[in-house]
Amino acid sequence: MLVFVLNAGSSSLKYQLIDTKSKELKASGLVERIGIDGILKHEIGEDKKITFELPIPTHKEAIELVLRILTNDETKVINSIGEIKAIGHRVVHGGEYFKESVIVDEEVIKKIEELIPLAPLHNPANIMGVKICKELMPKVPNVVTFDTAFHQTMPMENFLYAVPYADYSEHHLRKYGFHGTSHYYVSNEAVNILKKKDSKIIVCHLGNGSSVCAVKDGKSISTSMGLTPLEGLVMGTRSGDIDAGVIPYLMKRKNLTPDQIVDYLNKKSGILGVSGVSSDLREVIKAANDGDKRSKIAITMLCERIKKYLCSYAGLMHGVDAICFTAGIGENSDLIREKVCEGLEFMGIEIDKEKNSKREKGNREISTKNSKTKIYIIPTNEELVIANDTYNLVKNI
């Protein structure tokens, strides 16, 4: 079955066309600067890359353009749009309504809209993508997969905040966690490698946005992100964990509004804020190698925070069978992986520096032979999870 996987952002659109039977990625791409000047980067398989620059005023026109390119003579991968049998959408926040992927109907859309206050930047764009697809391909079923769904197995003591309980029961104040599709995929791959279902796995999803997840027996029991993606690790532009008292202190000292302090912590902090160089870790590492002290501090802060969560989750699960690194930084930065594992030999965590330094594709083990805990690099594939969920839900329709 051909599944069109869509991730609609406020001014961007990511897509993949996946054959769920063969697992073949037939085409993928990214539409950026929607509503401004428009750039479409289209890839056919893993070899052919094409860039288009043209006005793309709306998301509807962006999706129409993608569908044309999929069937266009020069870029054709399918003969007609009719070959697409289902559409899978990424939705950031499913609240407590959704514990798994679901087929879209009016009630599902209504509930996602109710959750907009919990994800005001993401859910509206996600919903828009669903509605446009329903309009353009009315006979094709749509499925939504939620970033938060995998974490709905967390026990209450791990998702509650220590504030009056009424704030949870009345205002839904709790830890939800994100990157759930990635944490699910990577931990499931690790279970298959270990051949051990009663497993204790820690997944480090490290990118511009980052989170760590404790996965016990295939279920998320704790994760670093919280009510929003701001909590947890030091990220590209996000502060991660801070003393809540910092917020009123800065608001008074800098005369900031609530919206301005949220922007400050989300977009001006993290690696960018500490280093003063960039939110791109590659540039910060280069600066650190050139002797920039603040860049060195930013890198150390990033690794120490990850290490803090690793140790915490190992304690929470009474041990750890495997640590998995994934996403842009996790898959590509041997320096960060090494610094995170450094000094954890007392926990049976030993990284093989030679294996760690090699650039190879696919899943690979980078722990030493004597390491009691396996260390893996596992490239994430969130789109394949969405495609498989979509197939499993619509195959009998």
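All figures in this text were calculated on a predicted structure; none of them were measured in a lab. (Residues numbered from 1 in each chain as written. Predicted model: local features only at pLDDT ≥ 70, side-chain atom pairs only at ≥ 80, totals over all residues. Heavy atoms only, no water.)

Here's the deal with the overall build of the chain
A count of helices and strands for the chain gives 15 helices and 14 strands. Taken over the C-alpha trace, the chain has a radius of gyration of 21 Å; the compact-globule value for 397 residues is 21 Å, and the two agree within 12%. The dimensions of the chain, computed from C-alpha atoms along their principal axes, are 60 × 55 × 45 Å. A burial count over the chain gives 49% of its 397 residues as buried. Sequence-distant contacts in the chain: of pairs separated by 6 or more residues, those separated by 24 or more amount to 59%. As displayed, the chain has an accessible area near 19,300 Å², and 50% of this comes from carbon and sulfur atoms. (Helix = DSSP H or I, 4+ residues; strand = E, 2+ residues; numbered from the N terminus. Rg over C-alpha atoms; globule rule 2.2 N^0.38 Å. Buried < 20%, exposed > 50% of the residue type's maximum accessible area, 1.4 Å probe, protein only. Contact = heavy atoms within 4.5 Å. Areas by Shrake-Rupley, 256 points an atom, 1.4 Å probe, with all protein chains shown as cover.)

Regarding the packing of aromatic side chains
Scanning all chains against the criterion turns up 7 aromatic pairs. Aromatic pair Phe150 and Tyr184: ring centres 5.9 Å apart, planes at 65 degrees, arrangement edge-to-face. Of this pair, Phe150 sits in the loop between strand E8 (142–146) and helix H4 (156–159) while Tyr184 sits in helix H6 (residues 180–194), placing them 34 residues apart in sequence. Residue classification places Phe150 among the buried residues on the basis of a relative accessible area of 12%. A cation sits over an aromatic face here: Arg174 above Phe159, 3.7 Å from the ring centre. Positioned above the aromatic ring of Tyr176, the side-chain terminus of Arg174 is 4.8 Å from the ring centre. (Phe/Tyr/Trp six-rings, centres within 6.5 Å; stacked < 30°, edge-to-face > 60°. Lys NZ or Arg CZ within 6 Å of the ring centre and 35° of its normal.)

Here we look at the sheet that holds strand E12 (residues 322–326)
Strands in a sheet are paired, the pairing made by backbone hydrogen bonds, and the direction either parallel or antiparallel. In spatial order, the strands read E11-E10-E9-E12-E14-E13; together these 6 strands make up an open sheet with mixed pairing. Because the sheet does not close on itself, it has two edges, and the strands there are strand E11 (219–223) and strand E13 (364–365). Bridge count for E12 against strand E14 (residues 374–377) is 4 bridges, and the pairing is parallel. Paired with Cys324 across the two strands is Tyr376, which belongs to E14. (Pairing = 2+ DSSP bridges.)

What about the pattern of salt bridges?
Here the idea is simple: oppositely charged side chains can pair when their charged atoms come close. Across all of its chains, the model carries 16 salt bridges by this definition. Between Lys41 and Glu32 there is a salt bridge whose closest N-O contact spans 3.5 Å. For Lys41, a relative accessible area of 40% puts it in the partly exposed group. On the basis of relative accessibility, which here comes to 27%, the residue Glu32 falls in the partly exposed class. The network of salt bridges with shared partners includes Asp263, Lys267 and Lys268. (Salt bridge = Lys/Arg side-chain N within 4 Å of Asp/Glu carboxyl O.)

Considering the sheet that holds E8
Read across the sheet, 8 strands follow the order E5-E4-E3-E2-E1-E6-E8-E7 without closing on themselves; strand pairing throughout is mixed. Across the chains shown, the open sheet's two edge strands, defined by having one partner strand only, are strand E5 (48–53) and strand E7 (102–103). Running at roughly 30 degrees to E8, helix H2 (residues 106–114) makes contact with strand E6 (84–91), E7 and E8 of the sheet. (Axes fitted to C-alpha atoms, helices over the stretch in contact; angles between N-to-C directions.)

Some words on the nonpolar core
In terms of nonpolar packing, the biggest core is built from 36 residues, with Cys204, Ile306 and Ile336 touching the most fellow members. Those elements that provide at least two residues to this core are strand E9 (200–205), strand E10 (211–216), helix H10 (281–289), helix H11 (293–316), E12, helix H13 (334–341) and E14. Apart from the residues within four sequence positions on either side, Cys204 is in contact with Ser211, Val212, Ile306, Leu310, Ile323, Cys324, Phe325 and Thr326. Counting residues in each nonpolar core, the second largest holds 29 residues, with Tyr15, Ile69, Ile78 and Ile87 among its members. (Core = buried A, V, L, I, M, F, W, Y, C linked by side-chain atoms within 4.5 Å.)

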